[in-house]
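Below, each chain spelled out in residue letters.
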Amino acid sequence: MSEPAGTGPVVGEDGLARCPWGLSTPDYVAYHDTEWGRTVHGDDALFERICLEAFQSGLSWITILRRREGFRAAFGGFVIDEVAAFTDADRERLLGDPGIIRNRAKIDAAITNAAAAQEVRKTYDGGLDALLWSYAPDPASRPAPRSTADVPATSPESTALAKDLKKRGFRFVGPTTAYALMQACGLVNDHLVGCSAR
């Protein structure tokens with residue numbers, strides 16, 4: 001999601017002010033208005049977001065957003081136990097699936113991350129949901145962003161979360177990916193001041 005540095009909310013044809021990236025395509029309008037920054041709970045729902053953010057690494061988010069239903073079909077709805085049970089045959093099936101990003105390292109990471117998520121359920125009270133949300137900063141500690149220049153790519157919390165996830169065996173979860181996950185799932189609210197979705 002790129003726009004000129006320092007851009008504030010932009011008013012769309014419908015009269016609503018949005019974060020600038022939220023007006024770039026109809027797909028983004030819907031995602032911005034109904035999903036991004038909204039609270040997400042549940043191990044499987046959060047696992048899906050971890051996987052999609054990992055697949056997005058090096059690509060534009062719109063590429064992932066437009067293939068999300070393909071990802072859901074290919075990865076069994078991102079049910080952790082199903083993905084953790086994927087076999088070599090599943091890996092080959094995924095590598096041949098045009099509905100997803102066919103990157104072997106990212107496919108392997110999704111399967112590895114499912115097994116890591118299973119382990120979190122066993123070792124962390126409240127499972128993956130509780131672990132991720134334990135890194136949500138106090139909203140009062142963060143000034144509301146007024147322009148895109150005020151929105152960071154990482155934070156101390158995302159760096160700590162990435163380190164914790166890596167320690168637990170997760171892959172493709174660096175600080176930037178972890179911060180994007182925090183933004184997408186409502187752990188932080190980076191809708192700009194004046195944005196109708198804030």
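Residues numbered from 1 in each chain as written. Predicted model: local features only at pLDDT ≥ 70, side-chain atom pairs only at ≥ 80, totals over all residues. Heavy atoms only, no water.

- Taking an unreviewed UniProt entry as the reference, the protein is identified by name as DNA-3-methyladenine glycosylase I belonging to Actinacidiphila rubida.

1. Points about the layout of surface pockets
Any space left empty among the atoms is revealed by the rolling of a water-sized probe across them.
Link 1 in the chain: Considering only enclosed or pocket space, the second largest pocket measures out at about 150 Å³ in volume.
Link 2 in the chain: Surrounding the second largest pocket, Gly-37, Pro-137, Pro-139, Arg-142, Pro-143, Ala-144, Pro-145, Gly-186, Leu-187, Val-188, Asn-189 and Arg-198 form its lining.
Link 3 in the chain: Split into classes, the residues belonging to the lining of the second largest pocket amount to 7 nonpolar, 3 polar and 2 charged. (1 Å grid on protein atoms, 1.4 Å probe; cavity = no way out; pocket = protein on both sides within 12 Å on 5 of 7 lines; lining within 4 Å. Points joined across faces, edges and corners; volume = space filled by probe spheres on them. Nonpolar A, V, L, I, M, F, W, Y, C, P; charged D, E, K, R; others polar.)

2. Digging into the packing of aromatic side chains
Link 1 in the chain: A full pass over the atoms with the stated rule returns 10 aromatic pairs.
Link 2 in the chain: Relative to Trp-36, the ring of Trp-21 has its centre 5.0 Å away and its plane inclined at 80 degrees; by these criteria the two rings are edge-to-face. With Trp-21 in the loop between β2 (17-18) and α1 (26-34) and Trp-36 in the loop between α1 and α2 (43-56), this pair connects stretches of sequence that are 15 residues apart. Grouping residues by exposure puts Trp-21 and Trp-36 together as buried.
Link 3 in the chain: Cluster of aromatic residues (ring-pair linked, three or more members): Phe-47, Phe-55, Phe-71, Phe-75, Phe-78 and Phe-86.
Link 4 in the chain: The positively charged end of Arg-93 is found above the aromatic ring belonging to Phe-86, 5.3 Å away from the centroid. (Phe/Tyr/Trp six-rings, centres within 6.5 Å; stacked < 30°, edge-to-face > 60°. Helix = DSSP H or I, 4+ residues; strand = E, 2+ residues; numbered from the N terminus. Buried < 20%, exposed > 50% of the residue type's maximum accessible area, 1.4 Å probe, protein only. Lys NZ or Arg CZ within 6 Å of the ring centre and 35° of its normal.)

3. Some words on empty space enclosed by the protein
Link 1 in the chain: For the structure shown, the criterion picks out 2 cavities of 30 Å³ or more.
Link 2 in the chain: There is about 60 Å³ of room inside the largest cavity.
Link 3 in the chain: Lining the largest cavity, in full, are Tyr-31, Glu-35, Arg-49, Leu-52, Glu-53, Trp-61, Arg-68 and Ala-184.
Link 4 in the chain: A total of 3 residues in the lining of the largest cavity trace back to one element, the largest contributor, which is α2.
Link 5 in the chain: By volume, the second largest cavity amounts to about 40 Å³.
Link 6 in the chain: Here the lining of the second largest cavity gets 3 residues from one element, more than from any other, and that element is helix α10 (residues 175-184).
Link 7 in the chain: Its residues placed into classes, the lining of the second largest cavity shows 5 nonpolar, 1 polar and 1 charged.

4. Focus on unusual backbone geometry
Link 1 in the chain: At Phe-78, a position not held by glycine, the phi torsion is positive, near 60 degrees.
Link 2 in the chain: Position of Phe-78 relative to the elements: it lies in the loop between α4 (68-74) and α5 (80-84).
Link 3 in the chain: For Phe-78, a relative accessible area of 0% puts it in the buried group.

5. Things to note about α10
Residues spaced three or four apart along an α-helix face the same direction, because each turn holds 3.6 residues.
Link 1 in the chain: Most of α10 sits inside the fold, with 8 of its 10 residues counted as buried.
Link 2 in the chain: Taken together, the buried positions of α10 are occupied by Thr-177, Ala-178, Tyr-179, Ala-180, Leu-181, Met-182, Gln-183 and Ala-184.
Link 3 in the chain: Residues of α10 that are buried in the fold lie against α1, α2, α8 (127-133) and α9 (156-167).
Link 4 in the chain: Positioned one or two residues after α10, Gly-186 has a phi angle of 80 degrees, which is positive. (Contact = heavy atoms within 4.5 Å.)

6. Observations regarding the packing of α2 against helix α7 (residues 104-123)
Link 1 in the chain: Viewed as axis vectors pointing N to C, α2 and α7 meet at an angle of 150 degrees, and their least axial separation amounts to 10 Å. Of the possible angle classes, the one that applies to α2 and α7 is roughly antiparallel. The handedness of the crossing between α2 and α7 is right-handed. Two secondary-structure elements touch here, α2 through Asp-43, Asp-44, Phe-47, Ile-50, Cys-51, Ala-54, Phe-55 and Gln-56 and α7 through Lys-106, Ile-107, Ala-110, Asn-113, Ala-114 and Arg-121.
Link 2 in the chain: For the contact of α2 with α7, the per-class residue count stands at 8 nonpolar, 2 polar and 4 charged. (Axes fitted to C-alpha atoms, helices over the stretch in contact; angles between N-to-C directions. Parallel < 35°, antiparallel > 145°, perpendicular 65-115°, else oblique. Left-handed = near helix turned anticlockwise from the far one by under 90°.)

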